Amino acid sequence: MKILAFAGSSSSTSRNKELVSLKRFTKHDINLLDLKDFDMLVFSVDREKNGFPQEAQNFMKAMEDCDFIICSMAEQNRSYNVPFKNI
Ligand SMILES: Cc1cc2nc3c(=O)[nH]c(=O)nc-3n(C[C@H](O)[C@H](O)[C@H](O)COP(=O)(O)O)c2cc1C
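About the thresholds
Residues numbered from 1 in each chain as written. Predicted model: local features only at pLDDT ≥ 70, side-chain atom pairs only at ≥ 80, totals over all residues. Heavy atoms only, no water. Helix = DSSP H or I, 4+ residues; strand = E, 2+ residues; numbered from the N terminus. Buried < 20%, exposed > 50% of the residue type's maximum accessible area, 1.4 Å probe, protein only. Contact = heavy atoms within 4.5 Å. Lys, Arg positive; Asp, Glu negative; His and termini not counted. Charge placed at Lys NZ, Arg CZ, Asp CG, Glu CD. Core = buried A, V, L, I, M, F, W, Y, C linked by side-chain atoms within 4.5 Å. Near = heavy atom within 4 Å. Polar contact = N/O pair within 3.5 Å; in protein donor to acceptor, adjacent residues only side chain to side chain. Areas by Shrake-Rupley, 256 points an atom, 1.4 Å probe, with all protein chains shown as cover. Nonpolar A, V, L, I, M, F, W, Y, C, P; charged D, E, K, R; others polar. Pairing = 2+ DSSP bridges. Axes fitted to C-alpha atoms, helices over the stretch in contact; angles between N-to-C directions.

Caption draft 1: Summary view of the overall build of the chain. On a plain count of helices and strands, the chain comes out with 4 helices and 5 strands. When the helices and strands of the chain are read in sequence order from the N terminus, they spell out β-α-β-α-α-β-β-β-α. When its C-alpha atoms are laid out on the principal axes, the chain stretches across 45 × 30 × 20 Å. With 87 residues in all, the chain has 28% of them scored as buried. Residue pairs at least 24 apart in sequence account for 72% of intrachain contacts in the chain once pairs closer than 6 positions are excluded. Charge centroids of the chain, computed over 12 positive and 12 negative side chains, lie 6 Å from each other.

Structure representation (structure tokens):
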């Protein structure tokens, strides 16, 4: 099974990233993503006219190429963190 794992956090010391990196999943093929590699400007209808950012396309491809997704979200200001919402 191909597993995509990521944390909804951009912190270098993310607890959520540590959680989704748990060794008990390592018998499977894990693609562990870091949201820092998908850093995007805040999107808008005007920017959409120029197409979707490469980072968003890369993230979509990673989701299409997996069988299963594991994500763990940091709560910030009673919501998901901004890098996750952007992507
Ligand atoms: C800017 C900011 C806002 C936060 N807002 C909340 C919140 O609304 N509710 C909450 O329970 N924790 C909040 N926290 C605490 C984080 O959820 C907590 O530190 C979490 O461990 C962060 O996850 P990470 O270690 O994966 O980055 C906030 C932390 C930061 C830095």
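Caption draft 2: Structural context of the nonpolar core. Membership of the largest hydrophobic core is limited to 8 residues, which are Leu4, Phe6, Leu33, Leu35, Phe38, Phe59, Ala62 and Cys66. Residue assignment for this core shows that the elements contributing at least two residues are β1 (2-8) and α3 (54-64). Excluding anything up to four places from it in sequence, alanine 62 contacts Leu4, Asn31 and Leu33.

Caption draft 3: Representation of the site of the ligand. If you check the shell around the ligand, you find Ser9, Ser11, Ser14, Arg15, Asn16, Ala74, Glu75, Gln76, Asn77 and Arg78 and nothing else. Between the ligand and the protein, one listed contact pairs an oxygen atom with a side-chain N or O atom of serine 9 at 2.5 Å. The backbone of glutamate 75 places a nitrogen or oxygen atom 2.6 Å from an oxygen atom of the ligand. Alone, the ligand offers 640 Å² of accessible surface; in the complex the protein occludes 55% of this. Elements that contribute at least two residues to the shell around the ligand include exactly α1 (15-20) and β4 (75-76). Among the residues forming the shell around the ligand, the class breakdown is 1 nonpolar, 6 polar and 3 charged.

Caption draft 4: Main features of the sheet that holds β1. Here we have 3 strands laid out as an open sheet, ordered β2-β1-β3, and parallel in their pairing. Of all strands in the sheet, those with a lone pairing partner are β2 (29-32) and β3 (68-73), marking the two edges. For this sheet the average axis-to-axis angle between neighbouring strands, irrespective of direction, equals 20°. The sheet contact formed by β1 and β2 spans 4 bridges and is parallel. Bridging across to β2, leucine 4 finds its partner in asparagine 31.

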